[in-house]
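For reference, the chains in residue letters:
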Amino acid sequence: MLFRSLGKKADPFLPAPAIPLDAAGDVKLIWELNRHQFGVTRDMVDDWRAQNPVGFGINWVSAMEVALRLIAWVELFGRQEWMADHARFIRHNLSSDWVPRNNHLIAEAAALSLWDGTPHPWLRQAADEQFFSDGVHREQSVAYHHFVTHLFQIAGLPQPQALAYLGAIRQPDGSLPNVGDNDDGRASTKPLELPAAPATSAGFPEAGHYVLRHGGDYCFVRCGKFGPGHAHADLLSPILWLRGEPVFVDPGTFVYNGNPDQRRYFRTAHNVVNDHAEPGTTFSWQNTSDAVCENWTGTELTGSLGPWRRTIRYAAGKFFITDTLTGNRRWRFHLHPSLKAQVAAGGFVFGKFRLTAPGKLSVEQGWFSPSYGGRVPIDVCEISMDATQPATAEFVVE
């Protein structure tokens with residue numbers, strides 16, 4: 001009974017196309033369990049197959065979900081003929097008509113590659129469509145970059161540049177920065193082995209991703225294309241570590257479906273001044289602009305987004321953030337959950353760290369999502385300046 005198609009209204013024996021994806025809140029929670037990546041037994045799979053006939057129920061709505069389940073089965077049990085119904089379903093329901101073609105089609109083609117024993121023809125042209133020339137995935141999400149990179153490896157078409165990128169952006173503790181949408185999705189029952197982080201800074205100018213690195217001091221920032229639906233409004237928003245500890249965070253994703261207010265919050269809450277994009281539907285944006293990188297040295301990045309110009313500079317164990325923008329301005333800097341902020345003379349203190357800041361200062365509550373579906377409260381350092389105050393403001397994190 002564990003894998004029955006659950007939901008408030010979703011009938012497990014309706015034809016898959018007839019089931020609305022919001023019938024049970026967030027369909028992602030149902031799909032995740034039914035990917036079988038946690039390690040199922042053959043008896044559990046037989047029970048699942050009896051309760052989920054081909055083409056009926058919520059577990060057949062998305063060909064990608066069928067593909068990820070097939071990958072898990074082949075990895076756990078080897079290629080077996082009783083799995084052939086999954087391969088046939090994927091082959092007849094490829095997401096090849098999606099524009100843009102994205103991680104869904106990659107997962108489906110990877111599953112067929114694993115099943116057929118040879119890379120699917122579509123994957124050979126997909127690498128150019130999916131990645132910038134510097135190896136970064138075009139969806140502007142680190143989690144989806146990891147997901148797609150692993151899928152290409154499973155399919156027998158590894159992408160060395162894409163894998164090298166993941167090593168280059170690793171944070172001081174070895175984890176990856178939480179940039180763009182992240183639903184904790186995995187491609188496989190096995191982990192993707194990542195290269196070690198380099199000792200120096202790294203830039204990926206076509207994608208617009210930059211890492212300032214000096215020992216345990218680290219900054220990841222995006223300065224380039226805004227990106228499609230899985231991107232967030234995080235251009236010029238730094239993720240900062242000092243002395244090997246996280247300081248400024250990206251709040252994460254939390255949910256896709258079932259809570260539009262929270263979906264909007266997590267897509268727009270970043271370490272920026274004012275708002276520069278407006279969410280549309282769950283996976284769309286309106287009124288977006290790209291950022292332009294004006295200067296990159298490895299210790300300093302200067303970029304602009306419309307009238308806003310930001311420089312992030314590292315020197316002597318400190319990060320200096322200089323913003324130029326006229327009019328009324330409101331900054332937000334989101335702190336790691338372990339840090340509690342207090343307003344102090346000329347800025348904020350939080351633990352062993354300090355943010356020097358001008359303007360009107362306050363500590364507000366925000367949210368941080370460490371994993372999909374979970375959130376914890378965090379402190380947010382807010383700074384306000386009106387149009388009568390200087391257009392240029394400098395912040396120092398130390």
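Novice: Help me understand the sheet that holds strand 9 (residues 300–305), please; the structure alone is not making it clear to me.
Specialist: Pairing between the strands of a sheet is mediated by backbone hydrogen bonds and can be parallel or antiparallel. Taken in spatial order, the eight strands make up an open sheet running 8-9-10-11-18-15-14-13, and their pairing is antiparallel. Since the sheet does not close on itself, it has two edges, and those belong to strand 8 (292–296) and strand 13 (341–344), each with one partner. Adjacent strand axes in the sheet meet at a mean angle of 15°, parallel and antiparallel pairs treated alike.

Novice: How should I be thinking about empty space enclosed by the protein in this particular structure?
Specialist: Leftover empty space is mapped by rolling, across the atoms, a probe with the size of a water molecule. Per the counting criterion, the structure on display carries three cavities of 30 Å³ or more. Phe226, Ala233, Asp234, Leu235, Thr268, Val272, Asn274, Asp275, His276, Ala277, Leu305 and Arg332 are the residues that line the largest cavity. Taken together, the residues that form the lining of the largest cavity break down as six nonpolar, three polar and three charged. Forming the boundary of the second largest cavity are Val179, Phe220, Val221, Arg222, Asp234, Ser237, Ile239 and Asp250. Residues of the lining of the second largest cavity, tallied by class, amount to four nonpolar, one polar and three charged.

Novice: Where do I start with the nonpolar core in this structure?
Specialist: Counting 47 residues, the largest nonpolar core has Leu70, Ile106, Leu123, Phe147, Leu151 and Phe152 as the members making the most contacts within it. Mapped onto this core, the elements with two or more residues apiece are helix 2 (42–51), helix 3 (63–77), helix 4 (84–92), helix 5 (103–116), helix 6 (121–130) and helix 7 (142–154). Take this core: its biggest share by element is nine residues, from helix 3. In this structure, Leu236, Ala277, Phe348 and Phe350 belong to the second largest nonpolar core, which totals 43 residues.

Novice: I tried to follow helix 2 on my own but got confused; where do I start?
Specialist: Along an α-helix, residues three or four positions apart point the same way, because every turn accommodates 3.6 residues. Those residues of helix 2 that fall on the buried side of the exposure criterion are Val45, Trp48 and Gln51. An end-on view of helix 2 places all buried positions within 130° of arc, on one side of the element. Exposed residues pointing more than 90 degrees away from the buried face of helix 2 are listed as Asp43 and Ala50. In this fold, the buried residues of helix 2 make contact with helix 3 and helix 4.

Novice: Hey, could you run me through unusual backbone geometry in this one?
Specialist: Apart from glycine, the bulk of residues carry a negative phi angle, and the bulk of peptide bonds sit in the trans form. Of note in this structure, Arg243 is not a glycine but carries a positive phi near 50°. Checked against the element boundaries, Arg243 lands in the loop between strand 4 (239–242) and strand 5 (245–248). Among the residues examined, Arg243 registers a relative accessible area of 47% and is labelled partly exposed. With a phi angle near 50°, Ala316 is a residue other than glycine that sits in the positive phi range. By the secondary structure assignment, Ala316 is in the loop between strand 10 (308–315) and strand 11 (318–324).

Novice: So what exactly am I meant to see when it comes to the pairing of strand 18 (residues 392–397) here?
Specialist: Look at any regular strand and the pattern is simple: side chains alternate between the two faces of the sheet. Pairing analysis gives six bridges linking strand 11 to strand 18, with the strands arranged antiparallel. Each residue of the ladder has a partner; that of Thr324, found in strand 18, is Thr392. Relative to strand 18, strand 15 (residues 353–356) is paired through two bridges, and the arrangement is antiparallel. Looking at strand 18, one finds that Thr356 is bridged to Val396.

Basis of the calculations
Residues numbered from 1 in each chain as written. Predicted model: local features only at pLDDT ≥ 70, side-chain atom pairs only at ≥ 80, totals over all residues. Heavy atoms only, no water. Pairing = 2+ DSSP bridges. Helix = DSSP H or I, 4+ residues; strand = E, 2+ residues; numbered from the N terminus. Axes fitted to C-alpha atoms, helices over the stretch in contact; angles between N-to-C directions. 1 Å grid on protein atoms, 1.4 Å probe; cavity = no way out; pocket = protein on both sides within 12 Å on 5 of 7 lines; lining within 4 Å. Points joined across faces, edges and corners; volume = space filled by probe spheres on them. Nonpolar A, V, L, I, M, F, W, Y, C, P; charged D, E, K, R; others polar. Core = buried A, V, L, I, M, F, W, Y, C linked by side-chain atoms within 4.5 Å. Buried < 20%, exposed > 50% of the residue type's maximum accessible area, 1.4 Å probe, protein only. Arc of directions from axis to C-beta. Contact = heavy atoms within 4.5 Å.

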